[in-house]
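Architecture and fold: a report
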Amino acid sequence: MATYFDIDNIITDREINAAIINISGRQRMLSQRAALFALKLVCTEDSWQQERLRQEMLAVIDLMEQSHNGLIKGNPAMKLPGKLSKEVWTIYFEPPYYLSQQIWDFMTQVRALAQVTSTELNLENYHLKYILQVSETELLNALDIAVNQYQKESELFERQVEMQQAQLFQQICTARATTHAQAKQLERTVQDLQRTQSQLIQSEKFSSIGQMMAGVAHEINNPFNFIYGNLQCTKDYIHDLFELINTYQEHYPNTLPAIQGKIDEIELDFVQEDLAKILDSMQVGANRIRELVLSLRNFSRSDLSSRQLLDLHQGIDSTLLILRNRLKANNDRPAVEIIKDYGSIPKIECYAGQLNQVFMNILSNGIDALEEIPNHLGYIKIRTHLSPDGSRVIIQIADNGPGMTQEVKEQLFDPFFTTKPLGKGTGLGLAISHKIVVDTHGGYLKCESSPGKGTEFWIEIPLQSSVRREQGVGNRQLITGRLTKTKV
Ligand SMILES: Nc1ncnc2c1ncn2[C@@H]1O[C@H](COP(=O)(O)OP(=O)(O)O)[C@@H](O)[C@H]1O
Ligand SMILES: [Mg+2]
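Basis of the calculations
- Per chain, residue numbering runs from 1 following the sequence as it is written.
- Key to labels: chains lettered from A, ligands numbered from 1, both in the order written.
- This being a predicted model, a pLDDT of at least 70 is required before a residue's local features are given, and a value of 80 or more before pairs of side-chain atoms are given or counted; all residues contribute to the totals for chains, interfaces and linings.
- Only hydrogens and water are removed before side-chain values are computed, so all heavy atoms of the structure are retained for them.
- Secondary structure elements follow DSSP: runs of H or I no shorter than four residues count as helices, runs of E no shorter than two count as strands, and numbering proceeds from the N terminus.
- Each residue is assigned to one of three classes by its accessible area relative to the maximum for its type, calculated with a 1.4 Å probe on protein chains only: buried under 20%, partly exposed between the two thresholds, exposed over 50%.
- Pairing of N or O atoms within 3.5 Å defines a polar contact, subject to two protein rules: one partner must be a possible hydrogen donor and the other a possible acceptor, and residues neighboring in sequence count only if both atoms are side-chain atoms.
- In what follows, residue pairs with any heavy atoms lying within 4.5 Å of each other are defined as contacts.
- Any residue with a non-hydrogen atom lying within 4 Å of a molecule or strand is treated as near it.
- Note on areas: these come from Shrake-Rupley sampling with a 1.4 Å probe, and a residue is covered only by the protein chains present in the view.
- Amino acid classes used here: Ala, Val, Leu, Ile, Met, Phe, Trp, Tyr, Cys and Pro are nonpolar; Asp, Glu, Lys and Arg are charged; the rest, including Gly, are polar.
- Domain delimitation follows an automatic or database domain assignment.
- By nonpolar core is meant a set of buried Ala, Val, Leu, Ile, Met, Phe, Trp, Tyr and Cys residues that side-chain atoms within 4.5 Å join together.
- Each pair of strands is called paired provided DSSP finds at least two bridges between the two strands.
- The angle between two axes is taken between their N-to-C directions and runs from 0 to 180 degrees, where each axis is a line fitted to C-alpha atoms and a helix contributes only its stretch in contact.
- Only protein atoms enter the 1 Å grid used here, on which a cavity is any set of points holding a 1.4 Å probe that cannot leave and a pocket is any open set flanked by protein within 12 Å on both sides along at least five of seven lines; residues with an atom within 4 Å of a point are listed as lining.
- Grid points are joined across faces, edges and corners, and a volume is the space filled by probe spheres set on the points.

What follows concerns the side chain of S387. In this fold, S387 is placed in the loop between β4 (379–386) and β5 (392–399). Residue classification places S387 among the buried positions, given a relative accessible area of 4%. Within the structure, the side chain of S387 is placed 2.7 Å from the side chain of D389, a separation counted as a polar contact. Those residues in contact with S387, other than ones at most four positions away along the chain, are R392 and I394.

Not every one of the 20 residues close to ligand 1 is listed here, only the nearest: T418, T419, K420, T426 and G427. Contact between ligand 1 and N365: an oxygen atom at 2.8 Å from a side-chain N or O atom of the residue. Take D399: an N or O atom from its side chain is 2.9 Å from a nitrogen atom of ligand 1. In isolation ligand 1 has 530 Å² of accessible area, and contact with the protein removes 93% of it. Contributing elements (two or more residues each) for the shell around ligand 1: α11 (352–370), α13 (429–440) and β7 (455–462). Per element, the largest residue contribution to the shell around ligand 1 is three residues, and it comes from α11. Tallied by class, residues from the shell around ligand 1 come to eight nonpolar, ten polar and two charged.

Per the domain assignment, the segments of the chain are domain 1 (7–175) and domain 2 (308–488). Computed over C-alpha atoms only, the centres of domain 1 and domain 2 are separated by 91 Å.

Once that is clear, we can look at the nonpolar core. Residues M57, Y92, L99, I103, F106 and L113 are the most contacted members of the largest nonpolar core, which totals 39 residues. For this core, the secondary structure elements donating two or more residues are α1 (7–43), α2 (47–73), α3 (86–93), α4 (99–115), α5 (126–136) and α6 (138–251). The element that contributes the greatest number of residues to this core is α1, accounting for ten residues. Those residues in contact with Y92 that lie beyond four places of it in its chain are H68, L71, I72, L84, Y98, L99, S100, Q101, I103 and Y150.

Looking now at the side chain of Q27. Position of Q27 among the secondary structure elements: in helix α1. Among the polar contacts made by the side chain of Q27, one reaches the main-chain carbonyl oxygen of M64 at a distance of 3.3 Å. If we skip the residues at most four places from it in the chain, Q27 touches M64, S67, H68, L71, I103 and L143.

Attention shifts here to the sheet that holds β4. In a beta sheet, neighbouring strands are held together by backbone hydrogen bonds and run either parallel or antiparallel to one another. Spatially, β2-β4-β5-β7-β6 is the arrangement adopted by the five strands of the open sheet, whose pairing is mixed. The open sheet has two edge strands with one neighbour each: β2 (337–342) and β6 (444–449). Each strand of the sheet is rotated relative to its neighbour by a mean of 15 degrees, with strand direction disregarded. Relative to β5, β4 is paired through seven bridges, and the arrangement is antiparallel. Paired with T384 across the strands is I395, a residue of β5. In this fold helix α9 (residues 312–322) packs onto β2, β4 and β5, with an angle of close to 175 degrees to the strand it touches most, β2.

Turning to the environment of K446, a few remarks are in order. By the element assignment, K446 lies in strand β6. Looking at K446, the relative accessible area reads 29%, which means it is partly exposed. Aside from chain neighbours lying at most four places away, what touches K446 is E456, F457 and W458.

A full pass over the atoms with the stated rule returns two cavities of 30 Å³ or more. Roughly 40 Å³ of internal volume is contained in the largest cavity. The wall of the largest cavity is formed by I20, G70, L71, L80, P81, G82, K83, L84 and Y150. Class assignment of the residues belonging to the lining of the largest cavity gives a composition of six nonpolar, two polar and one charged.

Next comes the structure, spelled out in structure tokens:
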């Protein structure tokens, strides 16, 4: 049997089956009709009637012969293929039925009767007796058996078609499911790849920026120590010198005119007063440089690939210090207020540089968001605390910016998703932060936000797992950390 992918094939084969059953049924009907006409012929006296019946009988037999040949040899016009199954062939050509022979005999007898002269027409006629006999028994029986066989084969065909269709359907379903699963897998792989790629780009960028920062901090730090370290000393010496001048003035109140002239010329009182102020402001400036250098070092702790003990508050503060310029008031808006609510949390062992990067990404997104509302009194609240079971550190970073729509929220962590203009947003910040918090630290990062309600990021970093998982590496890196420290 053919494979039925094609509905046209099924229809053609169905038509053939129907034609076969139809024609084989007709054979049976023709045999009965021939017998009836034969009986009528014998019983009628009317010669005109007799002639008509002879013609009818011959026509019936012609049709019977044509149908028989069609069934056995095929006939395209009648949609008969002429291919017999083994069973049908047996019925036609083998014992016990020899149907083909029976049909030929029957046709011969009917044709013979149609030729008999009127005087010979009676109920005892040999041809008539033969016709009536077989059309009621052997021939009828064999024709019925053939029709049954044809019907059985047609039903078998239908069942096979149904089975095949069911199998095809199943194959299609399986194929579709497989394709679907493969597509999903592919999609996941592509996403993973994108994430890895973006993380690589970013961490590469950050590690080179980090190295540069560390280098700059180191270069500034050494000469700066000459200034910072000597500032107090300078203050002390100057203090001493002025004390000496004061002592002179006490003991020699009436000094020489040349000296008095110089004192007036340089406005000694003013110098004394102003120098103290200048030294104080130098001290403030120097303190600030020192803080900045420390923060640069903290931020860029050359550890993108090693775990260290991090004081999270120090990490956040360093990040804020680096962002200080962006927090200041400008022409478009007042300064961004930073509200800190630091809880008591232990140091955690983590990839400090990477976590600083997360704070950097989230805080700069917050500032970007606040800038979207002109003249807005923006604030960023940073709250840290331990989870109730003490196993995780939680950092909440919230802003009172414009918030985001559901649509944005759904794509927030997708690599390359950004709502910012070209050149400003990369769409990588949060994708990378997610990777760092969730994948690298086994933590949790989520975002609560709705339009007009501001945005809050919730970061959880486990204390235990991060310490335990890579303890060996952690200890080694700690030593490296210390070495780095003494070097800078
Ligand atoms: N605090 C926030 N308030 C409003 N929208 C935010 C905030 N943080 C992030 N977003 C939205 O998430 C998007 C993706 O952020 P991010 O991954 O850092 O990429 P980028 O900052 O380069 O656009 C931003 O473009 C912005 O639409
Ligand atoms: Mg960003």
